[in-house]
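Coordinates in review
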Amino acid sequence: MRLRAPVAAGAAVLALAAAVIAGTTAPGASWVVVPDAAFPAAMAALPAGAGGGFVYGERLTGRVMQVSGVTPDAPSSVTVFDRVDVSIEGEQRGLLGLAADGSRIYAAWTEPTGRIVVGRLEGDGDPTLIWRGPASTDRANGGHLEFAPDGSLVIGVGSLLDDVAARDPDTVNGKLLALDPDGPADQAPSVISGGWNNPFAFGYAPDGTLYVADNSGGDAPERLAIGNAGPSPEVLATWSAHTVASGLTVLDDAHLLVCTYLTRRLIPFTISGSGAMPGLARATDCSIGVIQLADGTLVYANETELRGLSGD
């Protein structure tokens, strides 16, 4: 994995002021994939060998939907794959994350007791729990899932509104954690890195680098960082504008996309030896998340619909 020097914070702020705050865009032609999605807070691409397409989860209902036939030329097929029982009190509880490994699909959610849990979906409403995590809070819960190159299942856990605990290496607060996808519910995860506020948007590059767009807490700057270069974030860029990164997908070793909840931009970033620089927004209605499918198609979400976009 290549380590990179952080970019100057001032340069990143100026670049984001032009590309995000002012709303300058270079949008492509998008199309509706799912017109009536109900707050699709989690998405995961399915491998080509498993039929391609993707799954998405409705935060407030706990339903997991499977989508196939993603093309601008014909309607997509949408079916119910599974459902989990969720607690939805507060701003950031419910179904939080999805990840797919071949035909196996995993989810993270806040169960009715309010605890954050991770389980393998069996398609029958009775998931197999692989981790019973901490009690959730109204905000900064995290919950995004990704498979690491070594086969472990990574979950980002937010500070849970306790900044002191987020800096404590012996807590799960503010950590990126690696889980055994076949482990028991009482397994002890290993810590990849800590010191995060709400690492909800992250993904792995082909070279194994873990990129994270961390939401700020209070007046602290938001930041794009490497999450597996050491025990703490290796910051590539910061910005003072409160955008709330809600999704991140890696296109290749040098390019990624970040979706922002408040500014509703789909922002491309280019990674170089000097850090990470944003470009013109690819879309102005991306507020929840973004993924890249097996065939290269991009799918992004807002509160009511899922849209497709060419990966070119």
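Everything that follows concerns the structure shown earlier in this document.
This structure is a prediction, so every number in the text was calculated from the model and none was measured.

1. Thoughts on unusual backbone geometry
Here the phi dihedral of Phe 39 falls at roughly 50 degrees; this positive angle occurs in a residue that is not glycine. Topologically, Phe 39 is positioned in the loop between strand S1 (30–34) and strand S2 (40–45). In this structure, Leu 160 takes a positive phi of about 55 degrees despite not being glycine.

2. Comments concerning the packing of aromatic side chains
Considering all chains together, one arrives at three aromatic pairs under this definition. A ring pair is formed by Tyr 106 and Phe 147, whose centres lie 5.6 Å apart and whose planes are at 75 degrees; its orientation type is edge-to-face. One end of the pair, Tyr 106, is in strand S7 (residues 104–110); the other, Phe 147, is in strand S10 (residues 142–147), and 41 residues separate them in sequence. Comparing Tyr 106 with Phe 147, the two get one shared label, buried.

3. Let's talk about the side chain of Ser 246
Along the polypeptide, Ser 246 turns up in strand S18 (residues 245–252). On the accessibility criterion, Ser 246 (10% relative accessible area) is buried. A distance of 3.0 Å separates a polar atom in the side chain of Ser 246 from the backbone oxygen of Ser 287. When near neighbours in sequence (up to four residues on either side) are disregarded, Ser 246 contacts Phe 200, Ala 201, Cys 259, Thr 260, Tyr 261, Ser 287, Ile 288 and Gly 289.

4. Description of the pattern of salt bridges
Considering all chains together, one arrives at 10 salt bridges under this definition. Among the salt bridges present, the one from Arg 120 reaches Glu 122, with a minimum N-O distance of 3.3 Å. According to the relative accessible area criterion, Glu 122 is partly exposed, its value standing at 37%. A salt bridge links Asp 214 to Arg 223, with the nearest nitrogen and oxygen atoms 3.1 Å apart. For the pair formed by Asp 214 and Arg 223, the shared burial category is buried. It is possible to trace a salt-bridge network through shared partners that takes in Asp 101, Arg 104 and Asp 182.

5. Brief notes about the state of the cysteines
Counted according to the given criterion, the structure contains one disulfide. In this model Cys 259 forms its disulfide with Cys 286; the gap between the sulfur atoms is 2.2 Å. Handedness of the Cys 259-Cys 286 disulfide follows from its S-S torsion of about -130 degrees: it is left-handed. Taken together, the residues Cys 259 in strand S19 (residues 255–260) and Cys 286 in the loop between strand S21 (275–278) and strand S22 (289–292) connect sequence positions 27 residues apart.

6. A closer look at the sheet that holds strand S14 (residues 198–204)
The four strands lie next to each other as S14-S15-S16-S17, forming an open sheet whose pairing is antiparallel. Unpaired on one side and paired on the other, S14 and strand S17 (234–239) mark the two borders of the sheet. The average angle at which neighbouring strand axes cross in this sheet is 20 degrees, direction not considered. Relative to S17, strand S16 (residues 222–226) runs antiparallel, the two being bridged by five bridges. Bridging from a neighbouring strand, Arg 223 pairs with Thr 238 of S17.

7. Topic: the environment of Gly 195
Positionally, Gly 195 belongs in the loop between strand S13 (190–194) and S14. Between the alpha carbons of Gly 195 and Gly 142 there is a distance of 13 Å; along the sequence they are 53 residues apart. With residues up to four places along the chain from it excluded, the contact list for Gly 195 reads Ala 166, Gly 174, Arg 223 and Pro 233.

Parameters at a glance
Residues numbered from 1 in each chain as written. Predicted model: local features only at pLDDT ≥ 70, side-chain atom pairs only at ≥ 80, totals over all residues. Heavy atoms only, no water. Helix = DSSP H or I, 4+ residues; strand = E, 2+ residues; numbered from the N terminus. Phe/Tyr/Trp six-rings, centres within 6.5 Å; stacked < 30°, edge-to-face > 60°. Buried < 20%, exposed > 50% of the residue type's maximum accessible area, 1.4 Å probe, protein only. Polar contact = N/O pair within 3.5 Å; in protein donor to acceptor, adjacent residues only side chain to side chain. Contact = heavy atoms within 4.5 Å. Salt bridge = Lys/Arg side-chain N within 4 Å of Asp/Glu carboxyl O. Disulfide = S-S within 2.5 Å. Pairing = 2+ DSSP bridges. Axes fitted to C-alpha atoms, helices over the stretch in contact; angles between N-to-C directions.

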